Amino acid sequence: MRIDVLTLFPDMFTGVISNSIIKRAIDQNLVTINLIDFREFSADKHHKVDDTPYGGGAGMVLQVEPVHAALQSIEGYEHALKIIMTPQGVPYTQKQAYTLKEEDHLIILCGHYEGFDERIRHFFDLEISIGDYVLTGGEIAAMTVMDSVIRLLDGAIGQKASHEEDSFSQTLLEYPQYTRPRDYLGMTVPDVLLSGHHERIDTWRKEQSIKRTKERRPDLYQAYMKKTDE
Ligand code: 6GU
């Protein structure tokens, strides 16, 4: 997979791409990440990429020209899935991560300021929001999408047999996990996990997942009950 990111703050990505699973995925050539500072594509002598809104009002609006020019500089951009990160986009979910994982080439635009010139939307396929709160820009949202997609690429996560146990893949939250020590300040590991009885352990974990989902995410619990009814 290839991911091109259009951003005014490419340095924000360096921590994410140079650590842990994402770094390893890059090193293994599972993904190539290309950061493009679209300020470099501004025709303005001061490299301006924003301007005041027509009709007046507060703040600045991202201009269409530098974004379009940067987009056109990307080889094969016509065939890529082109995404805008914006609070007005469709709410991002694990299901969408699985859809994006199948793409060969993603282009992700990170917004800033009060908004985009509406004509920028003409050149993109999809708008994504990562939740109902406001970030200073689209970078952290773009990193969220990239991280969730890259970890799904074949070979990105070594041992884990599958992603099926992930929260949300099956609409249930994960069960409680324990590791050594058996007793910490009187808080002990449930006996069933030390029993070596795999069937009983699986049953316990399933029950715990259901209980936790019911308590914490009644919305997901409802969806789960509906699905198991069918
Ligand atoms: Cl994609 N961008 C910004 N600026 N804020 C957000 C967001 C995106 N998703 C949630 N909040």
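Residues numbered from 1 in each chain as written. Predicted model: local features only at pLDDT ≥ 70, side-chain atom pairs only at ≥ 80, totals over all residues. Heavy atoms only, no water.

### Here's the deal with the overall build of the protein chain
The condition that has to hold: Secondary structure is summarised from DSSP: a helix means a run of H or I of at least four residues, a strand means a run of E of at least two, and numbering begins at the N terminus for each. The atom set for the radius of gyration is the C-alpha atoms, and the globule formula is 2.2 Å times the number of residues raised to the power 0.38. Shrake-Rupley sampling with a 1.4 Å probe provides the accessible areas, and residues are treated as covered by the protein chains on show and by no other component.
When you go through the protein chain residue by residue, the secondary structure sums to 7 helices and 10 strands. Here the C-alpha atoms of the protein chain give a radius of gyration of 22 Å, more than 25% beyond the 17 Å that 2.2 N^0.38 yields for 230 residues. In terms of principal-axis extent, the alpha carbons of the protein chain reach across some 70 × 40 × 40 Å. Accessible surface, the protein chain: about 14300 Å² in total, of which carbon and sulfur atoms supply 51%.

### As for the site of the ligand
The condition is simple: The cutoff for a nearby residue is simple: one of its non-hydrogen atoms must lie within 4 Å of the molecule or strand. Under the rule applied, a polar contact is a pair of N or O atoms within 3.5 Å (in protein, one hydrogen donor and one hydrogen acceptor; residues adjacent in sequence only if both atoms are side-chain atoms).
Contacts to the ligand come from Met-85, Thr-86, Pro-87, Ile-128, Ser-129, Ile-130, Gly-131, Tyr-133, Leu-135, Gly-137 and Ala-141. Taking Ser-129, its side chain carries an N or O atom lying 3.4 Å from a nitrogen atom of the ligand. The separation between a nitrogen atom of the ligand and a polar main-chain atom of Leu-135 is 3.1 Å. Isolated, the ligand exposes 290 Å² of accessible area, and the fraction of that covered by the protein chains is 95%. Broken down by secondary-structure element, the contributors of at least two residues to the shell around the ligand are strand S5 (81-91) and strand S8 (126-129).

### A short note on the domain arrangement of the protein chain
Spelled out, the test is: For the domain bounds, the source is a domain assignment made automatically or taken from a database.
When its domains are assigned, the protein chain resolves into domain 1 (2-150) and domain 2 (167-229). A separation of 37 Å is found between the C-alpha centroids of domain 1 and domain 2.

### Section: the sheet that holds strand S7 (residues 115-116)
As a reminder of what qualifies: Being paired, for any two strands, means DSSP has found at least two bridges between them.
Overall, mixed pairing links the 3 strands, which are arranged S3-S4-S7 in an open sheet. Single-partner strands in this sheet number two, and they are strand S3 (50-51) and S7. Judged from the 2 bridges that link them, S3 and strand S4 (residues 61-62) form a sheet pairing that is antiparallel. Its bridge partner being in S4, Asp-51 is matched across the sheet by Val-61.

### Some thoughts on the sheet that holds strand S6 (residues 105-110)
Whenever strands of a sheet pair, they do so through backbone hydrogen bonds, lying parallel or antiparallel. Basically, it comes down to this: Interaxial angles span 0 to 180 degrees and are taken between N-to-C directions of axes, which are lines fitted to C-alpha atoms, for helices over the stretch in contact.
Sheet architecture is open: 5 strands sit in the order S2-S1-S6-S5-S8, paired in parallel fashion. A single partner strand is all that each edge strand has here, and the edge strands are strand S2 (32-37) and S8. Neighbouring strand axes in the sheet, compared pairwise and without regard to direction, differ in orientation by 30 degrees on average. Bridging between strand S1 (residues 2-7) and S6 involves 5 bridges; their strand directions are parallel. By the bridge assignment for S6, Arg-2 is matched with His-105.

### Regarding the pairing of S6
When a strand is regular, its side chains alternate between the sheet's two faces. We apply this condition: A 1.4 Å probe rolled over the protein chains alone gives each residue an accessible area, and that area as a share of the maximum for its type sets the label: buried under 20%, exposed over 50%, partly exposed in between. Place the viewer so that the strands point away; then a crossover is right-handed whenever the path from the first strand over the helix to the second strand goes clockwise.
The buried fraction of S6 is high, at 6 of 6 residues. Alternating residues of S6 divide into His-105, Ile-107 and Leu-109 and Leu-106, Ile-108 and Cys-110, and every residue in both groups is buried. The sheet contact formed by S5 and S6 spans 5 bridges and is parallel. Considered in S6, the bridge of Ile-84 is made with Leu-109. One crossover worth recording links S5 to the parallel S6 by way of helix H4 (residues 94-101), and it is right-handed.

### Observations regarding unusual backbone geometry
In most cases, non-glycine residues show a negative phi, while peptide bonds are predominantly trans. The omega angle of the peptide bond from Arg-180 to Pro-181 is 5 degrees, so this bond is cis rather than trans. Mapped onto the secondary structure, Pro-181 falls in the loop between helix H5 (139-150) and strand S9 (183-184). Of note in this structure, Asn-29 is not a glycine but carries a positive phi near 60 degrees. Considering the arrangement of structural elements, one finds Asn-29 in the loop between helix H2 (20-27) and S2. Despite not being glycine, His-47 has its phi angle at roughly 60 degrees, a positive value. Tracing the backbone through its elements, the reader meets His-47 in the loop between S2 and S3. Judged by relative accessible area, which is 41%, His-47 ranks as partly exposed.

### Focus: the packing of H4 against H5
Where we set the bar: Convention used here: angles under 35 degrees read as roughly parallel, angles over 145 as roughly antiparallel, angles from 65 to 115 as roughly perpendicular, and any remaining angle as oblique. It is the rotation of the near helix from the far one that decides the hand of a crossing: anticlockwise by less than a right angle makes it left-handed, clockwise makes it right-handed. Contact criterion: two residues are considered in contact whenever any of their non-hydrogen atoms come within 4.5 Å of each other. Gly counts as polar in this scheme, as do all residues outside two lists: the nonpolar Ala, Val, Leu, Ile, Met, Phe, Trp, Tyr, Cys and Pro, and the charged Asp, Glu, Lys and Arg.
One can describe the packing of H4 onto H5 by two numbers: an axis separation of 9 Å at closest approach and a directional angle of 70 degrees. Between H4 and H5, the angle falls in the class roughly perpendicular. For the element pair H4 and H5, the recorded crossing hand is right-handed. Of H5, the residues touching H4 (which contributes Ala-97, Leu-100 and Lys-101) are Val-145, Ser-148 and Val-149. Of the residues belonging to the contact of H4 with H5, the class tally is 4 nonpolar, 1 polar and 1 charged.

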